[in-house]
Protein chains: 2
Amino acid sequence: MSADPTAAILLIGEELLSGKVDDENARYAIRELRALGVAPRRVEIIPDVVDEIAAAVRAASARYDHVFTSGGVGATHDDVTLAAVAAAFDMPVERRPELAQMIRDRLGPEFHERDLRMADVPAGATLDYGVTVSSTVWPVVVVRNVYVLPGVPAIFRRKFDLIKERFRATPIHTRALYSREGEARIAAALDAAVAAFPSVAIGSYPHLDALDYRVKVTFDGRDEAAVRSAVAFLVERLGPEVVLRTE
Amino acid sequence: MSADPTAAILLIGEELLSGKVDDENARYAIRELRALGVAPRRVEIIPDVVDEIAAAVRAASARYDHVFTSGGVGATHDDVTLAAVAAAFDMPVERRPELAQMIRDRLGPEFHERDLRMADVPAGATLDYGVTVSSTVWPVVVVRNVYVLPGVPAIFRRKFDLIKERFRATPIHTRALYSREGEARIAAALDAAVAAFPSVAIGSYPHLDALDYRVKVTFDGRDEAAVRSAVAFLVERLGPEVVLRTE
């Protein structure tokens, strides 16, 4: 794994594209990944179409260290994520006996043949039971660097939390500076800071509704000393008339 | 324009990928587009990197009827969307005198040379003043089927509303059915409905927290009679013990 790990989050579901449901899972995963030291670099919302999901999974798997899918895992016609992940890597789908057994045990009299669809996973997938090492917990299906998670937010979060320690990396440090002046007035100083601190990601965000400042400048990086130096550099350049505060 | 127009929404900004800001614009655009009869088919969150934005714009422009970008339009180093849209279509960037004049007029004594960056748009872009036909309103920059919108939510909404009537199409009708039984028990009937009504998009969404139902089934389509027939078909197949209600 790289020292500067990246991630993509692929949200699968017509309900998100039609506005019937608002995303909660990308929002959760972004915050958790950042706290773990992983930089999310792409989020996509994709319809329930095998070819589209497969293409997005293939591209993201090649490009980012970790890929998380959300949704499309279930017993109905619109649950095609596992088939699509298999297609992404030209793998067949195979029924995993331990998953089939778990479904039968869990559902008991409620069991229906259709539920076994959730036991059909890409051949060669690994089943990650996370920190629990318990066979009563439904595992996360993992294919290469792709983690297949369910779309129901409460279960998405539970599954993500089960495996998240696997992704822990060097922390990303964040600081902020609030400017009383607008973007155009601080842009030259920002350019100088960007040039002087290449390891620090510097962002500039105008706020129309804030009462006491006009722009929030953010500083992000894995080198904490460089992040602090970049803030100090910009404070020095802009001066106290411009800088309302830092945090 | 096709009778069944589609759209992609490209959100540009590190602040979304780092979790500093939650998206409001895709959420707004999805609901508005659906109400206009346009089907959103893809949403992407992309970092402030010219090559990445250009590749996404080029791909989306070729594939969907309308493409909306949000963010990366301003006076600082991280505002690269207009340059990226130009790169997507191998166009140079040129300063538009009418935009430069508007910036000078509007900012008055606050004007700074850097503000002119917002007047540098892809050569061949059209400026859409929307329904207002007023030269005091900042226009939407349009390149082919790509509409470049700002990231600040209040301005994004204002600009979108200015041009949205251009996209009005045949309405999409939506209905829903609430099932007391879980997905596996209704999946066969769902499959039959999917096969019988190819013009209707049928979705199945389990709800863990709902008190009185277990699955919400949704029906979407431009043919209102087909949508109603698909609902009636499934009600008939599942029977009153299973169907809690429709809406």
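Every chain is numbered independently, its residues counted from 1 as its sequence is written. Numbering of ligands from 1 and lettering of chains from A proceed in the order in which they are written. Side-chain atom pairs in this predicted model are given and counted only at pLDDT of 80 or more, local residue features only at pLDDT of at least 70, and totals for whole chains, interfaces and linings cover all residues. With hydrogens and water excluded, all non-hydrogen atoms of the structure serve as input to the side-chain values.

Undergrad: Teacher, can you tell me more about the overall build of chain A here?
TA: The number of helices and strands found in chain A is 8 helices and 12 strands. Accessibility here uses a 1.4 Å probe with only protein chains present; expressed as a share of the type maximum, an area under 20% marks a residue as buried, one over 50% as exposed, and anything in between as partly exposed. Looking at chain A as a whole, 55% of its 247 residues are labelled buried. Two residues qualify as a contact provided that any one of their heavy atoms is within 4.5 Å of a heavy atom in the partner residue. A separation of at least 24 residues holds for 71% of the contacts in chain A among residues at least 6 apart in sequence. As displayed, chain A has an accessible area near 10,600 Å², and 52% of this comes from carbon and sulfur atoms. Note that His is not counted, nor are the chain ends; the positive residues are Lys and Arg, and the negative ones are Asp and Glu. To locate a charge, the coordinates of NZ of Lys, CZ of Arg, CG of Asp or CD of Glu are taken. Across chain A, the mean location of the 30 positive side-chain charges is 3 Å away from that of the 36 negative side-chain charges. Here a helix means four or more residues in a row that DSSP labels H or I, a strand means two or more in a row labelled E, and each is numbered from the N terminus. Only the protein chains shown count as cover for residues, and the accessible areas themselves come from Shrake-Rupley with a 1.4 Å probe.

Undergrad: What should I look at first to understand the side chain of Asp128 of chain B in this one?
TA: All names here are of chain B. Within the secondary structure, Asp128 is located in strand S6 (residues 126-128). Definition of a polar contact: a pair of N or O atoms within 3.5 Å, with one able to donate and the other able to accept a hydrogen when the atoms are protein atoms, and with sequence-neighbouring residues admitted only if both atoms are side-chain atoms. Only 2.7 Å separates the side chain of Asp128 from the backbone nitrogen of Gly130, close enough to count as a polar contact. For Asp128, the side chain forms a polar contact with the side chain of Arg166, separated by 2.6 Å. In this view, Asp128 contacts Pro139, Val140, Val142, Ile163 and Arg166; residues no more than four positions away in its chain are not counted.

Undergrad: I keep staring at the interface of chain A and chain B and nothing clicks. Help me out?
TA: Interfaces are often sized by the accessible area lost when the parts come together. Between chain A and chain B, the residue contacts involve 57 residues of the former and 57 residues of the latter. Throughout, buried area stands for the accessible area (probe radius 1.4 Å) lost by two parts on being put together, summed over both. The largest contributions to the chain A side of the interface with chain B come from Lys20, Arg41 and His77 of chain A, which together make up 13% of the buried area. A carboxyl oxygen of Asp or Glu within 4 Å of a side-chain nitrogen of Lys or Arg is what we treat as a salt bridge. On the surface where chain A and chain B come into contact, there are 18 salt bridges. Asp22 of chain A is paired through a salt bridge with Arg27 of chain B; the nearest N and O atoms lie 3.3 Å apart. Elements that contribute at least two residues to the side of chain A that touches chain B include exactly helix H1 (14-17), helix H2 (25-36), strand S2 (39-46), helix H3 (50-63), helix H7 (183-196), strand S10 (201-206) and strand S11 (215-221) of chain A.

Undergrad: Is there a simple way to think about the relation of the copies chain A and chain B in this case?
TA: Each of the two chain copies can be generated from the other by rotation about an axis followed by a shift along it. Each copy superposes on the other: chain A lies on chain B with an RMSD of 0.0 Å after a rotation of 180° and an axial shift of 0.0 Å. What we have between these two chains is a two-fold relation. If distances are taken from each C-alpha of chain A to the rotation axis, the shortest is found for Glu44 of chain A, at 2.2 Å. Most of the interface of chain A is mirrored in chain B, where 100% of its interface residues are also at the interface. The fit set for superposing copies consists of C-alpha atoms from residues with pLDDT of at least 70 in both; the fit itself is least squares.

Undergrad: Is there a simple way to explain the sheet that holds strand S3 (residues 66-70) of chain A in this structure?
TA: Two strands in a sheet stick together by hydrogen bonds in their backbones, pointing the same way (parallel) or opposite ways (antiparallel). Taken together, 12 strands build an open sheet; the order of strands is S6(A)-S7(A)-S8(A)-S3(A)-S1(A)-S2(A)-S2(B)-S1(B)-S3(B)-S8(B)-S7(B)-S6(B) and the sheet is mixed. In this open sheet, the two strands that pair with only one neighbour each are strand S6 (126-128) of chain A together with S6 of chain B. For this sheet, the mean angle separating the axes of adjacent strands, direction not counted, is 20°. Should DSSP find at least two bridges between two strands, the strands are taken to pair. Here strand S7 (residues 140-143) of chain B pairs with strand S8 (residues 146-149) of chain B via 3 bridges, running antiparallel. Each bridged residue has a counterpart across the sheet, and for Val143 of chain B the counterpart in S8 of chain B is Val146 of chain B. Running over the sheet, helix H4 (residues 81-88) of chain B touches strand S1 (6-12), strand S3 (66-70), S7 and S8 of chain B and is turned about 170° from S8 of chain B. Axes here mean lines fitted to C-alpha atoms, for a helix over just the part in contact, with angles spanning 0 to 180 degrees between N-to-C directions.

Undergrad: Explanation requested: H4 of chain B in the structure shown.
TA: Counting along an α-helix, one turn takes 3.6 residues, and residues three or four places apart therefore face a common direction. All names here are of chain B. Within H4, 6 of the 8 residues are buried, leaving the element largely enclosed by the surrounding structure. Regarding H4, the residues found buried are Thr81, Leu82, Ala84, Val85, Ala86 and Ala88. The positive-phi residue at the C-terminal boundary of H4 is Asp90, with phi of around 50°.

Undergrad: Where do I start with unusual backbone geometry in this structure?
TA: Backbone geometry follows two general trends: most residues other than glycine have a negative phi, and most peptide bonds adopt the trans configuration. All names here are of chain A. In this structure, Asp90 takes a positive phi of about 50° despite not being glycine. By the element assignment, Asp90 lies in the loop between helix H4 (81-88) and strand S4 (93-95). The phi dihedral of Arg144 falls on the positive side, at around 55°, and the residue is not glycine. Tracing the backbone through its elements, the reader meets Arg144 in the loop between strand S7 (140-143) and strand S8 (146-149). What makes Arg144 exposed here is its relative accessible area of 59%.

Undergrad: It is not clear to me how the environment of Ile202 of chain A should be interpreted in this structure. Could you clarify?
TA: Residue and element names in this part refer to chain A. With respect to the helices and strands, Ile202 occurs in strand S10. Looking at Ile202, the relative accessible area reads 9%, which means it is buried. Between the alpha carbons of Ile202 and Arg96 there is a distance of 47 Å; along the sequence they are 106 residues apart.

Undergrad: Can you walk me through the sheet that holds strand S9 (residues 173-179) of chain A in this structure?
TA: Residues and elements named next belong to chain A. Pairing in this open sheet of 4 strands is antiparallel, and the strands run S10-S11-S9-S12 from one edge to the other. Only two strands of the sheet have a single partner each, and these edge strands are S10 and strand S12 (243-246). Each neighbouring strand pair of the sheet contributes to a mean axis angle of 20°, computed without reference to strand direction. Here S10 runs beside S11; their pairing, made up of 6 bridges, is antiparallel. For Ala201, the partnering residue across the bridge sits in S11 and is Asp220. Strands S9, S11 and S12 of the sheet are contacted by helix H8 (residues 224-238), whose axis makes an angle of about 10° with S9.

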